[in-house]
Amino acid sequence: MKKYLFIFTSLFLLGCNDTSQTFVYDKKILDAKIECMSLAVVPANKTIEDTLNSLYHFKKECAYELVVSYKNSITCNSNQNADKKVSGLPQSYLRMEIKHDANLQYTYYKDLQDNLSAKDVQNGFEKMKEELHF
């Protein structure tokens, strides 16, 4: 019985993995000096915009654009995902993409166990600053 409890607990914790992922689509961005970025938040969200504006001075006309998308209160009603529900589906997600002249260069993505907060946005932006040159 203890063996099954250990296996179940391990699978549950693996299902709740909350680490972020980054994807580089054009390796040149890792060495590029990003002089300025514009900001787009889809759907619009004042908290996200205010948080990012406190961390960086965005300008409207720039070759680089930070596109932020998110979803809160994710629910899954499909019976096909019963196994995923047991292991812990995310409550929300955050995606931040950097585009250069509308071409995708870099993505930060994170599944979240709670609804998106300003701290999640700040942590994501800080992670991007560690990898890129703003």
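The following paragraphs examine the structure supplied in this document. (Residues numbered from 1 in each chain as written. Predicted model: local features only at pLDDT ≥ 70, side-chain atom pairs only at ≥ 80, totals over all residues. Heavy atoms only, no water.)

Every α-helix carries 3.6 residues per turn, so stepping three or four residues along brings you back to the same face. The terminal C-alpha atoms of helix α4 (residues 118–131) lie 21 Å apart, and with 14 residues this matches the ideal 20 Å at 1.5 Å per residue to within 8%. Turning to α4, its buried residues are D120, V121, G124, F125 and M128. The buried residues of α4 all sit within an arc of 130° when viewed along its axis, so they share a single face. Buried positions along α4 lie against β2 (37–42), α2 (46–55), β3 (64–71), β4 (92–100) and β5 (103–112). (Helix = DSSP H or I, 4+ residues; strand = E, 2+ residues; numbered from the N terminus. Expected span 1.5 Å × (residues − 1). Buried < 20%, exposed > 50% of the residue type's maximum accessible area, 1.4 Å probe, protein only. Arc of directions from axis to C-beta. Contact = heavy atoms within 4.5 Å.)

Together, F23, Y25 and L104 make up an exposed nonpolar region whose accessible area comes to about 270 Å². Position of F23 among the secondary structure elements: in strand β1 (residues 21–24). (Patch = residues over 30% accessible without salt bridge, like charges linked within 9 Å, V, L, I, M, F, W, Y side chains within 5 Å. Areas by Shrake-Rupley, 256 points an atom, 1.4 Å probe, with all protein chains shown as cover. Salt bridge = Lys/Arg side-chain N within 4 Å of Asp/Glu carboxyl O.)

Attention now moves to the state of the cysteines. Within the structure shown, the criterion is met by one disulfide. Here C36 is linked by a disulfide to C62, with a sulfur-sulfur distance of 2.1 Å. On the sign convention where negative is left-handed, the bridge of C36 and C62, at about -130° about the S-S bond, is left-handed. Note that C36 is positioned in the loop between β1 and β2 and C62 in the loop between α2 and β3, a separation of 26 residues in sequence. Residue C36 is classed as buried on the basis of its relative accessible area of 17%. (Disulfide = S-S within 2.5 Å.)

So, about the environment of C36. Spatially, the C-alpha atom of C36 lies 6.6 Å from that of K59, the residues being 23 residues apart in sequence. In this structure C36 touches Y56, K59, E61, C62 and Y64, once residues within four positions along its chain are discounted.

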